[in-house]
Amino acid sequence: SSGINAEYGGVGLYFTQNPVRAMQYSEPGLLLQCEVGIGMAESVLKMDQNRNRPPVGYDSVLTGDRNVDHVGIYSHQRHNELQYLIFDSTQAIPIYLVYFNI
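Cut-offs and rules
Residues numbered from 1 in each chain as written. Predicted model: local features only at pLDDT ≥ 70, side-chain atom pairs only at ≥ 80, totals over all residues. Heavy atoms only, no water. Helix = DSSP H or I, 4+ residues; strand = E, 2+ residues; numbered from the N terminus. Buried < 20%, exposed > 50% of the residue type's maximum accessible area, 1.4 Å probe, protein only. Contact = heavy atoms within 4.5 Å. Areas by Shrake-Rupley, 256 points an atom, 1.4 Å probe, with all protein chains shown as cover.

1. Details of the overall build of the chain
Part 1: Helix and strand content of the chain: one helix and nine strands.
Part 2: Secondary structure elements in the chain, listed N-terminal to C-terminal, are β-β-α-β-β-β-β-β-β-β.
Part 3: A burial count over the chain gives 34% of its 102 residues as buried.
Part 4: Contacts in the chain between residues far apart in sequence, at least 24 positions, make up 54% of those at least 6 positions apart.
Part 5: When the accessible surface of the chain is totalled, it reaches about 6,600 Å², and 54% of it is carbon and sulfur.

Structure below.
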């Protein structure tokens, strides 16, 4: 799943393997599953909302391992918050559009 926004990693396309996290940024009832070519990913812990390309020598950014409580209708469990950030849309290939009901 993805989203274009300026979170802590910068302005680009964000992807996660965590469907609960993806649902927070998706249209209700829809998830887009993609194959993402992350290449060489730099792990970033420092916020930089102005970042608009990967660091020299890298193809993507890994936002780091963040464990956050998700409280709400989806889950009360702790989830791994790894997100990959790419800056070139050709690195992502849509595979499935998943429809679901909560």
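Now that the structure is up, let's keep going.
2. Examining the side chain of Q91
Part 1: Take Q91: it is sitting in the loop between β8 (84-86) and β9 (92-99).
Part 2: Residue Q91 is classed as buried on the basis of its relative accessible area of 17%.
Part 3: With sequence-adjacent residues up to four places away left out, Q91 is seen in contact with E35, V36, G37, I38, D59 and I86.

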